[in-house]
Amino acid sequence: MNINLFRHLCVLLGLTIVLFTGIAQAQTNPIHPLFRVLDLKGVAVTESKAEFSANKTCGQCHDTTYINQHNSHFNTDVQLECVNCHLKDGKLDLATVRMEVDGTLVREDITIQSPTNNHCGQCHGIYHSGTTPLILPDDFEQSPAGALTSLTGEILSSQKIADSYLNIRGKAARHYPWDIHLQRQVACVDCHTNPVQARNIKAATASGPNHLRNDPRQISTTERLQHPNHELVTIQCKTCHDPMVVHDQFPYKQRHLERLACQACHVPQLLGPAYQSVDQTVLTETGTAMIEYRSMENSRGTSLNARFIEGYTPYLFVQSDAIGDEKF
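Residues numbered from 1 in each chain as written. Predicted model: local features only at pLDDT ≥ 70, side-chain atom pairs only at ≥ 80, totals over all residues. Heavy atoms only, no water.

Chemist: Is there a simple way to think about the side chain of Thr57 in this case?
Modeler: Within the secondary structure, Thr57 sits in helix H3 (residues 54-58). Within the structure, the side chain of Thr57 is placed 2.9 Å from the backbone nitrogen of Leu38, a separation counted as a polar contact. Setting aside its immediate chain neighbours within four residues, Thr57 contacts Phe35, Arg36, Val37, Leu38 and Phe52. (Helix = DSSP H or I, 4+ residues; strand = E, 2+ residues; numbered from the N terminus. Polar contact = N/O pair within 3.5 Å; in protein donor to acceptor, adjacent residues only side chain to side chain. Contact = heavy atoms within 4.5 Å.)

Structure below.
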């Protein structure tokens, strides 16, 4: 077997092992090849004492130029690097990791892994795990983690709403989770995946034979590791769920499901702190904009965790699907 192909197979196997262990704490990746930590000029940081460069370091094996060009998280608004999603804390701390004289990272400190819910939650919304009651961070309005939550009211947690610390109307009777998929151990990356994975899951595209449900053809392991496509896509509800075998209460089932998106009924209310208005012309005592929330008590100076939350029902908007039809 070609030695490069063998190395790449080892990398893939190592990442797979780390992904399926499901352990949240940083663990040594036992199979990923050793590599040197380089600076922006491609010199070992042990020699230059300069700042670490993810592009140069990861670029020793992976085509980082290609990755950045095919990366949903690398654009004019945000430019995430490899370590932001593939290391537990989203960074490589040169003050704590151990390296050989030539800059090679020691095996025990190679903790490369597949992205976790914690990584996604750093930017895409309040994410909570564990058994401690869910609370909102004090810096919610300034934190990147509150970006999605503040727009939609969505909170990512497998915990039951009744077990949280939030002051929600009828909380004691809400014995269901904030997110049913997280409760069933469906991770963010299971639905927000790359096009290569999606091709093997999703129904055949318009460019292929319409009688095929799945396309088993995949690129080689070597190509996938050198040129991984990071243009994430979202698989649809119908990829995993078949709505036609249930919903027998609908008199016109097929028409009903053609016209309404699943979320129209299955996300009837949101209980997180979603912005209603952000008034930059009126400042608070701390110099920040005046913010009011939807269906939530807007008492200044009171913690978000203590404010009374009634929740709100999202508006239904017309949207076009892949075949040009419209649904709500």
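Chemist: When you look at the pattern of salt bridges in this model, what are you seeing that I'm missing?
Modeler: Where charged atoms from two side chains of opposite charge come close, those side chains can pair. All chains considered together, the criterion is met by five salt bridges. The closest approach of N and O atoms between Arg98 and Asp109, which form a salt bridge, is 3.1 Å. Of this pair, Arg98 sits in the loop between helix H5 (82-86) and helix H6 (117-124) while Asp109 sits in the loop between H5 and H6, and the two are 11 residues apart along the sequence. By relative accessible area, Arg98 is classed as partly exposed at 47%. On the basis of relative accessibility, which here comes to 16%, the residue Asp109 falls in the buried class. Note that Asp248 is salt-bridged to Lys253, the shortest N-O span being 2.8 Å. Residue classification places Lys253 among the buried positions, given a relative accessible area of 15%. (Salt bridge = Lys/Arg side-chain N within 4 Å of Asp/Glu carboxyl O. Buried < 20%, exposed > 50% of the residue type's maximum accessible area, 1.4 Å probe, protein only.)

Chemist: Explain the pairing of strand E7 (residues 289-293) to me, please; I cannot follow it from the model alone.
Modeler: Moving residue by residue along a regular strand, the side chains alternate between the two faces of the sheet. Judged by how many residues are buried, E7 sits mostly within the fold: four of five residues are covered. As judged from the five bridges shared by strand E6 (residues 275-283) and E7, these two strands associate in the antiparallel manner. Paired with Leu283 across the strands is Ala289, a residue of E7. In this structure, the hairpin formed by E6 and E7 is closed by a connection of five residues, where Gly287 is found at a positive phi of approximately 85°. (Pairing = 2+ DSSP bridges.)

Chemist: Honestly, unusual backbone geometry in this entry has me stumped. Any pointers?
Modeler: Most peptide bonds take the trans form, and the phi angle of most residues other than glycine is negative. Phi is positive for Lys49, close to 60°, though the residue is something other than glycine. When its relative accessible area of 68% is taken as the criterion, Lys49 is described as exposed.

Chemist: Quick question: what am I supposed to make of the layout of surface pockets here?
Modeler: Here the idea is plain: a probe the size of a water molecule rolls over the atoms and shows the empty space left. Estimates place the volume of the second largest pocket at around 500 Å³. Taken together, 24 residues line the second largest pocket, and the ones lying closest to its centre are Glu141, Arg300, Gly301, Thr302 and Arg307. (1 Å grid on protein atoms, 1.4 Å probe; cavity = no way out; pocket = protein on both sides within 12 Å on 5 of 7 lines; lining within 4 Å. Points joined across faces, edges and corners; volume = space filled by probe spheres on them.)

Don't take any of this as a statement about function, it's just geometry.
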